[in-house]
Amino acid sequence: MKDMPKIALGAWSWGAGAVGGDQVFGNHLFEKDLQPVFDKAMECGLNLWDTAAVYGEGSSERILGNFIKNVRREDVMISTKFTPQIAAGTPTAMQDMLNGSKERLHTDVIDIYWIHNPMDVEKWTPDLIPLAKSGQIKSIGVSNHNLSEIKRANEILAAEELKISAVQNHFSLLHRSSERAGILDYCKENGITFYAYMVLEQGALTGKYNKEHPFPAGTDRGDSYNPHLGEIENLVAELQKTGKKYSASPAQIATAWAIAKGALPIIGVTNAKQVEEAAAAAQIVLTAEELNRLENLGDEAGVHTLREWEKEM
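Residues numbered from 1 in each chain as written. Predicted model: local features only at pLDDT ≥ 70, side-chain atom pairs only at ≥ 80, totals over all residues. Heavy atoms only, no water.

Visitor: Describe the overall build of the protein chain, with residues and values.
Guide: Per the secondary structure count, the protein chain includes 14 helices and eight strands. Taken over the C-alpha trace, the protein chain has a radius of gyration of 19 Å; the compact-globule value for 313 residues is 20 Å, and the two agree within 12%. Referenced to the eigenvectors of the C-alpha coordinate spread, the extents of the protein chain come out at roughly 50 × 40 × 35 Å. Counting every atom, the protein chain has about 13100 Å² of accessible surface; 50% of that belongs to carbon and sulfur. Mean positive and mean negative side-chain charge positions of the protein chain (31 and 42 charges, respectively) differ by 3 Å. (Helix = DSSP H or I, 4+ residues; strand = E, 2+ residues; numbered from the N terminus. Rg over C-alpha atoms; globule rule 2.2 N^0.38 Å. Areas by Shrake-Rupley, 256 points an atom, 1.4 Å probe, with all protein chains shown as cover. Lys, Arg positive; Asp, Glu negative; His and termini not counted. Charge placed at Lys NZ, Arg CZ, Asp CG, Glu CD.)

This is how it looks when you write it as structure tokens:
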């Protein structure tokens, strides 16, 4: 894919509905709030957008699509997902979900199409083949797959002269199971782009939240992180300290760490300032010593950030 940016922008927290911005993040953000975010991203050259049919029951895709229809299609790269857990029990379930995504996103072609969660690798992977061969999707990704599932999916695709181009897993200073399982190495060896989601642990590594200022109560991220804000204090303090050296925020340092590991981080954006920060984070090059210190503090925190839809890699 030409001129891939170092960072993708995530639209998970856009819109509302099941598994959407209101439920997961405590946000209520729609076109009026988000148009400046999209415009700033395009201005900064961050044109790779990650969404999914399941986010806010399609509202994330719909909002993004309303922005995309007003720019040249070749100026944006769209990454969206097939989620087996919400698929209809019909033989055309994947094609049907893709059709819905294409309609909401105002496009005939999806740049990267993912199987979101590996409910059944043998069952779902073959369904990607006609989508790729008909040109409806340009490249294939798998998300939340472990190493054996990634390899098996690649075998199934290879039989039809196709391959996985991208893997997307939860990867952060608090959650490095994809690295320890050898997935990052496998991706490097096979020319696969490794996308890291939840690099900032939904805001827990931004320095914005602490025991005195917790996440909004009654949200998924509040339930997940509020009990652990004390345990991650040392890591956040180190992110802040390192940030001072680079005139950067903790979020930018956590992002720069992921890039240094060979990952392409997906950064969720809800305002224009976050977009500018993400663009600047891609320019920061941390030293080996800084990377090491951050990883040690991440490990020492001992916070288990695996979420209900995930598994250990």
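Visitor: Describe the packing of helix α11 (residues 233-246) against helix α14 (residues 288-301), and please don't skip the residues or the numbers.
Guide: Any two packed helices are characterised by the angle at which their axes cross and by the distance between the axes. Direction vectors running N to C along α11 and α14 enclose 160 degrees, while the axes themselves pass 8 Å from each other. When the axes of α11 and α14 are compared, the pair comes out roughly antiparallel. Considering how the two elements wind past one another, α11 and α14 form a crossing that is left-handed. Touching Asn234, Leu235, Glu238, Leu239, Thr242, Lys245 and Tyr246 of α11 are Glu290, Arg293, Leu294, Leu297 and Gly298, all from α14. When the residues that make up the contact of α11 with α14 are grouped by side-chain class, the tally is five nonpolar, three polar and four charged. (Axes fitted to C-alpha atoms, helices over the stretch in contact; angles between N-to-C directions. Parallel < 35°, antiparallel > 145°, perpendicular 65-115°, else oblique. Left-handed = near helix turned anticlockwise from the far one by under 90°. Contact = heavy atoms within 4.5 Å. Nonpolar A, V, L, I, M, F, W, Y, C, P; charged D, E, K, R; others polar.)

Visitor: Break down the environment of Gly262 for me, with residues and values.
Guide: Note on placement: Gly262 falls in the loop between α12 (250-260) and β8 (264-268). For Gly262, a relative accessible area of 47% translates into the label partly exposed. Distance in space between the C-alpha atoms of Gly262 and Tyr195 is 9.2 Å, their sequence separation being 67 residues. (Buried < 20%, exposed > 50% of the residue type's maximum accessible area, 1.4 Å probe, protein only.)

Visitor: Any chance you could break down the pattern of salt bridges for me, citing the residues and the numbers?
Guide: With the rule as written, the count across this model stands at 24 salt bridges. With a shortest N-O distance of 2.7 Å, Glu122 and Arg152 are connected by a salt bridge. Of this pair, Glu122 sits in helix α5 (residues 121-124) while Arg152 sits in helix α7 (residues 147-158), and the two are 30 residues apart along the sequence. Of the residues examined, Glu122 reaches a relative accessible area of 44% and is grouped as partly exposed. (Salt bridge = Lys/Arg side-chain N within 4 Å of Asp/Glu carboxyl O.)

Visitor: Would you mind going over helix α13 (residues 272-281) in detail, with residue names and values included?
Guide: All of the buried residues in α13 are Val275, Ala278, Ala279 and Ala281. Angularly, the buried residues of α13 cover 160 degrees about the axis, an arc narrow enough to put them on a single face. Buried-residue contacts for α13 involve β1 (8-10), α2 (31-44) and α12. (Arc of directions from axis to C-beta.)

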